[in-house]
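# Per-entry structural report
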Amino acid sequence: MNDVLIIGSGLGGLECGALLAQKGLRTLVLEGSHQPGGCMQSFRRGGLHYDTGLHYVGGLAPGQTMHKAFGQLGLLDLPWERMDEAFDRVIIAGRRFAFHQGYQAFVDGLAKDFPHQREALQSYVWRLQHVTEEDMEVNAYDYLSKTFSDEMLLNVVSAAAMKTELKRESLPLFNFAHTCSGYIESSWRLRGDGNLLVNKLIDTIRKAGGEVRTDSRVVRLTETDGHISKAVCADGSTYEAGYFISDIHPAVLCQMLEDCPSVRKAFRRRMASAENTTGMFTAQLSIKPGALRYLAHNVFVYDKPNVWTMTEENDPVKGVMVSARVPEDGSDMLRQIDLLTPMPWQECKEWEDTKVGHRGEDYKAFCKQKTEQCLTLAEQYIPGLRDMVEHCYTSTPLTYRDYLGSPEGGAFGMRKDCRAPMLSFHSVSTPLPNLLLTGQSIILPGIEGVTMTAFETCSRIINGLGIKD
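Here the structure is a predicted model, which means the values were calculated and not measured.

### So, the layout of surface pockets
Here the second largest pocket is characterised by a volume of approximately 1,100 Å³. In terms of lining, the second largest pocket is formed by 33 residues, of which the most central are Arg-45, Thr-394, Ser-395, Thr-399 and Tyr-403. Those elements giving two or more residues to the lining of the second largest pocket turn out to be strand 3 (42-45), strand 14 (279-287), helix 11 (360-378), strand 18 (389-395) and helix 13 (397-404). It is helix 11 that contributes the most residues to the lining of the second largest pocket, eight residues altogether. Composition of the lining of the second largest pocket by domain shows at least three residues from each of domain 1 (2-51 + 194-274 + 416-464) and domain 3 (278-409).

What follows is the structure, given as structure tokens:
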């Protein structure tokens, strides 16, 4: 009998496991895949480790957004390296701009290119620091349009928000602000792969008496007297607990609740019919030794001046994020670069019924063409990048779906819509009092959003049990 059983070992699930185990609760994390970590996990190819979703983290300095949370989780001890003062570089239609760390430095830097917009920039960074839940109902694009009279500046401040879904009609200001603000406070990369973070959380759980089990796919939850009483795995094993936390996509969770009478069809329908965010195409490049110096900053390159239209269906690649890995050998020469670009599900839908490793030559040709489009944009900043590439590994929304269980390969969970905040922002609670939710589909995506949600999820259990927080 466990105090808490957590389904899924993504960042949110592991964070909940670490927080609750540290409170003395008997905590069990069940992961359906062979490898834990979700989007934080890494894989090894040709002697190098490649990250699935970890590129940089914001707000880790004392007094900033993520410092206290990561301190409680024991993650500040990892080898974080602060990025360049100009941490994000932006190229739009050939023009170059830079984001500087620190709110005032951010304003001063962009005011050099847009002196007539300094007052608007001051207003913007103030709003980033004072965003509230009421901003769930505010359209981010509309807010930016009213704040900046210069349309190019509107697109420049939006360019690095490729870390969320820049959907013009629906993106709430609440999401946009949280996506941008922490990185402006300070930006950091990990010297090493994302498994450092994953293993640190697992180690915290186990040292506190908890357990993490892989290859343990939960397929059904059983209800007794209005509460979840046990989880049933694909191999027939069952586990009981007082509380259950789901760190998987809510639509997938609802498939496990079909035999639970307290979960009405309306709840399951709402989760199953919710729209998912756009996926990502990633080309992960290993660079020939000695060919390129380390870039301690990210670059966002767009070939058109309107970055907000890039998620439209069937729109060709026109925006790419270039992110380098910190050299682990102590040198200033890099070995790895990731190229990322938004990719709607429709672009790879024709292969949705195929299995991993059996998608054929046409799929490989598609990925190669997509990589070439990304390289063309990236070479605006790194001329000759193609000739520096040693190996290339690609992933699409199909990869996210197959390995991470994300319906339609959505990179940021379920879509949040400022036009319907009550329907698209989900509480950590469910119709069953001892079943709670966590993860990027609930409140906010990204490392900050998932961590915020994990603390909210855990507070419900800690308060419910009367444990001193």
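### Here we look at the side chain of Asn-434
Here Asn-434 shows up in the loop between helix 14 (421-424) and strand 19 (435-437). The residues touching Asn-434, leaving out its near neighbours within four places in the chain, are His-227, Ile-228, Gly-242, Tyr-243 and Phe-244.

### Looking at empty space enclosed by the protein
Following the criterion strictly, the structure yields four cavities of 30 Å³ or more and no others. Quantified by volume, the largest cavity comes out at close to 120 Å³. Around the largest cavity, the lining is made up of 13 residues, and of these Asp-51, Leu-54, His-55, Ala-324 and Arg-325 lie nearest the centre. Listed by contribution, the elements that provide at least two residues to the lining of the largest cavity are strand 9 (187-190), strand 16 (319-324) and strand 17 (336-343). Residue contributions to the lining of the largest cavity peak at three residues, all from strand 17. Residue composition of the lining of the largest cavity, by class: five nonpolar, four polar and four charged. Space inside the second largest cavity adds up to approximately 80 Å³. The wall of the second largest cavity is formed by Thr-164, Glu-165, Ser-170, Leu-171, Asn-175, Thr-277, Phe-412, Met-414, Arg-415, Lys-416 and Pro-445. Broken down by class, the residue content of the lining of the second largest cavity amounts to four nonpolar, four polar and three charged.

### Considerations on the packing of helix 1 (residues 11-22) against helix 15 (residues 446-464)
Axis angle and axis distance: for two packed helices, these are the angle between their axes and the distance between the axes, and together they describe the pair. Running from amino to carboxyl end, helix 1 crosses helix 15 at an angle of 40°, the nearest separation of the two axes being 9 Å. In this view, helix 1 runs oblique relative to helix 15, as classed from their interaxial angle. Taken as a pair, helix 1 and helix 15 cross one another with a handedness that is right-handed. Contacts between helix 1 and helix 15 involve Leu-11, Gly-12, Glu-15, Cys-16, Leu-19 and Leu-20 on the former and, on the latter, Ile-447, Val-450, Thr-451, Ala-454, Phe-455, Thr-457, Cys-458, Ile-461 and Ile-462. Tallied by class, the residues present in the contact of helix 1 with helix 15 amount to 11 nonpolar, three polar and one charged.

### Considerations on the pairing of strand 13 (residues 238-246)
Looking at chain direction, strand 1 (residues 2-7) and strand 13 are connected through five bridges and run parallel. Following the sheet pairing, Val-4 is matched in strand 13 by Tyr-243. Summarising the sheet, strand 12 (residues 227-233) and strand 13 pair through three bridges and their orientation is antiparallel. Note that in strand 13 the partner of Val-232 across the bridge is Thr-238. Where strand 12 hands over to strand 13, the hairpin turn is made up of four residues, of which Gly-236 adopts a positive phi near 95°.

### Some points on the sheet that holds strand 14
The strand order across the open sheet built from seven strands is 8-7-15-16-17-14-18, with neighbouring strands paired in mixed fashion. The sheet is open, and its two edges are formed by strand 8 (95-100) and strand 18, each paired on a single side. Neighbour-to-neighbour, the strand axes of this sheet turn through a mean angle of 20°, independent of strand direction. Relative to strand 18, strand 14 runs antiparallel, the two being bridged by six bridges. Its bridge partner being in strand 18, Ser-286 is matched across the sheet by His-391.

### Some details on the domain arrangement of the protein chain
Frequently, the measure chosen for interface size is the accessible area that the parts lose on association. Domain boundaries assigned for the protein chain yield domain 1 (2-51 + 194-274 + 416-464), domain 2 (101-184) and domain 3 (278-409). The centre of domain 1, based on its C-alpha atoms, is set 29 Å off from the matching centre of domain 3. Taken together, the contacts link 13 residues of domain 1 with 13 residues of domain 3. Buried area between domain 1 and domain 3, summed over both chains or domains, comes out near 1,000 Å², and the portion from carbon and sulfur atoms is 59%.

Cut-off values and rules
Residues numbered from 1 in each chain as written. Predicted model: local features only at pLDDT ≥ 70, side-chain atom pairs only at ≥ 80, totals over all residues. Heavy atoms only, no water. 1 Å grid on protein atoms, 1.4 Å probe; cavity = no way out; pocket = protein on both sides within 12 Å on 5 of 7 lines; lining within 4 Å. Points joined across faces, edges and corners; volume = space filled by probe spheres on them. Helix = DSSP H or I, 4+ residues; strand = E, 2+ residues; numbered from the N terminus. Domains from an automatic or database assignment. Contact = heavy atoms within 4.5 Å. Nonpolar A, V, L, I, M, F, W, Y, C, P; charged D, E, K, R; others polar. Axes fitted to C-alpha atoms, helices over the stretch in contact; angles between N-to-C directions. Parallel < 35°, antiparallel > 145°, perpendicular 65-115°, else oblique. Left-handed = near helix turned anticlockwise from the far one by under 90°. Pairing = 2+ DSSP bridges. Buried area = accessible area lost by both parts, 1.4 Å probe.

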